[in-house]
Amino acid sequence: MKRFLVTLSAAMLAASVCAPAFADETVNVGGSRAVLIKPSAPRASVILMPGGDGAIRAGDAGDIHGLTGNQLVRTRKAYAARGLAVLVTDASTDLGSAVTYMAAIKRPVTVVATSLGTLRAAQGIASGARPDALVLTSGFLSQQSGGSNNVMLILGSPASLPRTLVIQHRQDNCRNTLPAGVDPFIKWAGGRARVAWVSGGVEQGDPCEAFAHHGFNGQDGQIVGLAGSFH
């Protein structure tokens, strides 16, 4: 019995050493509530900008009550598990303030935006935010993406575009983020952007929602791996 307890204690100690040390907390960034997940020794930072209306409805203790199915919201802890400091922003969060906040924790700072969040990211960059890198997933990229507004239109010129990774599902059937919009954006970016194409996964429900190919249903690990290593 004594040997069992010693072995159990050793196993628990090993588990505690190997377990990622981080906790969720609600923070105020530029007058807006956001959720921070901070490992004890982050190697870089990511700012996650969800799609939809962008209202994450942060509680008082790092809890999120809105957009819980959104691809970036549902994978936020997976980014932290990779050793990244994570800030999940609300639509009302000023991106420039968010970049400054996360840079004080650990640079480089990568903005990861999805769907309608890609428009908010572009608006933030157009207003002066300067992240070290940018990841656009299922993005409103160009006129050929299908929407009436897009990143190219908001920025006007690629001059302010940071080093950028586009992650696009080949079977994204959302009318605003069609795969046809990628190549025009890459050409416009003039060497500042590259694309990672994704196939497979599961298509469920509305093609513009989180559990269709648009939201990379069934491929969260792959998307986190691509976006989380781009900085």
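In what follows, the structure referred to is the one given above.
Computed from a prediction, not measured in an experiment: that's the story for all the values here.

Caption draft 1: Seen up close, the overall build of the protein. A tally of regular secondary structure across the protein gives eight helices and eight strands. Here the protein has a C-alpha radius of gyration of 19 Å; the compact-globule value for 231 residues is 17 Å, and the two agree. Dimensions along the principal axes, computed over C-alpha positions, put the protein at roughly 70 × 35 × 35 Å. A sequence separation of at least 24 residues applies to 70% of the contacts in the protein between residues at least 6 apart. Between the averaged position of the 20 positive side-chain charges in the protein and that of its 14 negative side-chain charges there is a distance of 11 Å.

Caption draft 2: Region of the structure containing unusual backbone geometry. Backbone torsion omega between R107 and P108 reads 0°, so that peptide bond is classified as cis. Here P108 shows up in the loop between α4 (95-103) and β5 (109-114). The backbone of S115 sits at a positive phi, close to 50°, despite the residue not being glycine. Positionally, S115 belongs in the loop between β5 and α5 (116-126).

Caption draft 3: Spatial organisation of the pattern of salt bridges. Going through the model one piece at a time under the given rule, you end up with four salt bridges. Between D24 and K77 there is a salt bridge, with its nearest N and O atoms 2.7 Å apart. Taken together, the residues span a long stretch of sequence, with D24 in strand β1 (residues 22-29) and K77 in helix α3 (residues 76-81) at a distance of 53 residues.

Caption draft 4: Up close: helix α8 (residues 220-228). For α8, every residue scored as buried is listed here: I223, V224, A227 and G228. On an axial view of α8, the arc spanned by its buried residues comes to 115°, and they lie on one face.

Caption draft 5: Here's a closer look at the nonpolar core. One finds I47, L87, L95, V111 and F185 to be the most contacted residues of the largest nonpolar core, which totals 32 residues. In terms of residues, this core owes the most to one element, helix α7 (residues 182-189), which gives five residues. Among all residues touching I47, those that are not within four sequence positions of it are L87, T89, L95, A98, V99, M102, V109, T110, V111 and V112. Of all hydrophobic cores here, the second largest spans 27 residues; its members include I37, A44, L165 and A196.

Caption draft 6: Layout of the pairing of strand β3 (residues 44-49). Most of β3 sits out of view: six of its six residues are buried. Both faces of β3 are covered, namely the face carrying A44, V46 and L48 and the face carrying S45, I47 and M49.

Definitions and cut-offs
- Residues numbered from 1 in each chain as written.
- Predicted model: local features only at pLDDT ≥ 70, side-chain atom pairs only at ≥ 80, totals over all residues.
- Heavy atoms only, no water.
- Helix = DSSP H or I, 4+ residues; strand = E, 2+ residues; numbered from the N terminus.
- Rg over C-alpha atoms; globule rule 2.2 N^0.38 Å.
- Contact = heavy atoms within 4.5 Å.
- Lys, Arg positive; Asp, Glu negative; His and termini not counted.
- Charge placed at Lys NZ, Arg CZ, Asp CG, Glu CD.
- Salt bridge = Lys/Arg side-chain N within 4 Å of Asp/Glu carboxyl O.
- Buried < 20%, exposed > 50% of the residue type's maximum accessible area, 1.4 Å probe, protein only.
- Arc of directions from axis to C-beta.
- Core = buried A, V, L, I, M, F, W, Y, C linked by side-chain atoms within 4.5 Å.

These figures capture arrangement, not role.
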